[in-house]
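Residue-level structure breakdown
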Amino acid sequence: MIKVKILKIYLREGDKFEGELMYKHIVKILKREGISGATVYKGICGYGVRGIAEVDIFRLSINLPVIIECIDIEENINKVLPKLYEIIKDNGLIVITDGYVYKGETHE
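This write-up is about the structure you can find in this document. (Residues numbered from 1 in each chain as written. Predicted model: local features only at pLDDT ≥ 70, side-chain atom pairs only at ≥ 80, totals over all residues. Heavy atoms only, no water.)

What follows deals with helix α2 (residues 74–88). If you check α2, its first and last C-alpha atoms are 20 Å apart, about what 15 residues at 1.5 Å a residue would give, namely 21 Å. Maximum bend of α2: about 35°, positioned at Leu81, with proline Pro82 one to four residues after it. Within the span of α2, buried status applies to Asn76, Ile77, Val80, Leu81, Leu84, Ile87 and Ile88. (Helix = DSSP H or I, 4+ residues; strand = E, 2+ residues; numbered from the N terminus. Expected span 1.5 Å × (residues − 1). Bend = angle between axes of the 7 residues up to and from the residue. Buried < 20%, exposed > 50% of the residue type's maximum accessible area, 1.4 Å probe, protein only.)

Right under this line is the structure:
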């Protein structure tokens, strides 16, 4: 088993950074910085300090919650955190928890 950090970033799908959707910009940074992988999840409803986000079929734009999740060793996560904070600031939430990855033997 490998001790890892689980990084989750909570945003709204419409949040932007320098004209680009923030979640897409963050995924590019995570890849460029060598983080092992990332997944973006789209929520159907949620709320936080910026209010409630839910599907509204009468609006053309939908600003639902998104979560970016990645898992890597602590050193790699800590290296990218300052860059992420500069982008996100008060537009989201960064959560880091401890975890373990089980890597069994591969059978070919």
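Next, the rest of the story.
Turning our attention to the pattern of salt bridges. Per the stated rule, a full pass over the model turns up 6 salt bridges. Taking the shortest distance from any N to any O, the salt bridge between Glu20 and Lys28 comes out at 2.5 Å. The partner of Lys89 in a salt bridge is Glu86, with the nearest N and O atoms 3.7 Å apart. Its relative accessible area of 44% is what places Lys89 among the partly exposed residues. Take Glu86: its relative accessible area is 49%, and that puts it in the partly exposed class. (Salt bridge = Lys/Arg side-chain N within 4 Å of Asp/Glu carboxyl O.)

Right, let's talk about the side chain of His25 for a bit. Considering the arrangement of structural elements, one finds His25 in helix α1 (residues 22–32). By relative accessible area, His25 is classed as buried at 16%.

These values are about where atoms sit, not about what they do.
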